[in-house]
Amino acid sequence: EAQVTQNPRYLITVTGKKLTVTCSQNMNHEYMSWYRQDPGLGLRQIYYSMNVEVTDKGDVPEGYKVSRKEKRNFPLILESPSPNQTSLYFCASSLTGASYEQYFGPGTRLTVT
Amino acid sequence: GQNIDQPTEMTATEGAIVQINCTYQTSGFNGLFWYQQHAGEAPTFLSYNVLDGLEEKGRFSSFLSRSKGYSYLLLKELQMKDSASYLCAVRDYGGSQGNLIFGKGTKLSVKP
């Protein structure tokens, strides 16, 4: 089944404890992206990747890192999480950056205390 | 700057028609998208417009006027399962290729 998977789906952690949210797609997509969704603010892009080893900042990259060593995986790294990073995170992918449809993962609900 | 506006909430009756409007101001434009998002779930793609006019897909239609910076999503024969948030997004080539700028979403409640 064609899909985008994220792990974990739910995470409660403490300030400063490094964490990684994994994202994987099995559709051989070139373009991958991370968003966060907060009430009243909508979906905002954190980082994106046009292809392997090519990543760039989105609108809200502060406090996050990403890597794209393989086409299928695009992990999101929070080196020192803070409470303002409590949010719902979505990974998405599309065949290319010009494709009209992005496929979203199921989301990761992160709480930082 | 980049701005996408859509109503925060709407209510409609089962079987009726509802129109959700979206206005946008972006530095570039290369397509307008509508996504549906049920509470607690991932957004799913509904429609894409890049030229002016109406695109119809079953009960859902989407309209675009590039000169007015305006789009709407039309939902016909509303069903209870259509209760969801509807997200308007613009792909802006003024910045980086492929990136979508999302509006804050319109929460639609369908009443019996």
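Structure's up top.
Residues numbered from 1 in each chain as written. Chains lettered and ligands numbered in written order. Predicted model: local features only at pLDDT ≥ 70, side-chain atom pairs only at ≥ 80, totals over all residues. Heavy atoms only, no water.

Draft legend 1. Focus on the environment of Leu 95 of chain A. All names here are of chain A. With respect to the element layout, Leu 95 can be found in the loop between β9 (87-94) and β10 (103-104). Leu 95 sits 12 residues away from Pro 83 along the chain, and the two C-alpha atoms are 34 Å apart. Apart from the residues within four sequence positions on either side, Leu 95 is in contact with Asn 28, His 29, Glu 30 and Tyr 31. (Helix = DSSP H or I, 4+ residues; strand = E, 2+ residues; numbered from the N terminus. Contact = heavy atoms within 4.5 Å.)

Draft legend 2. How the structure looks around the environment of Phe 63 of chain B. All names here are of chain B. Relative to the helices and strands, Phe 63 resides in strand β7 (residues 60-65). Taking relative accessible area as the criterion, Phe 63 reaches 23% and is therefore assigned partly exposed. Sequence separation between Phe 63 and Asp 52 is 11 residues; the distance between their C-alpha atoms is 7.2 Å. (Buried < 20%, exposed > 50% of the residue type's maximum accessible area, 1.4 Å probe, protein only.)

Draft legend 3. Structural view of the pairing of β7 of chain B. All names here are of chain B. Burial within β7 is extensive, with 5 of its 6 residues counted as buried. Where strand β6 (residues 53-57) lies against β7, 5 bridges are found, and the strand directions are antiparallel. Residue Glu 55 lies in a different strand from β7, and its bridge partner there is Ser 62. Between β6 and β7, which pair antiparallel in sequence order, lie 2 residues; one of them, Gly 58, sits at a positive phi of approximately 65°. Alignment of β7 against strand β8 (residues 70-75), held across 6 bridges, turns out to be antiparallel. Across the sheet, the residue bridging to Phe 60 is Leu 75, located in β8. In textbook terms, the turn of a hairpin is the stretch between consecutive antiparallel strands, and for β7 and β8 this stretch comprises 4 residues, one of which, Gly 69, has a positive phi near 60°. (Pairing = 2+ DSSP bridges.)

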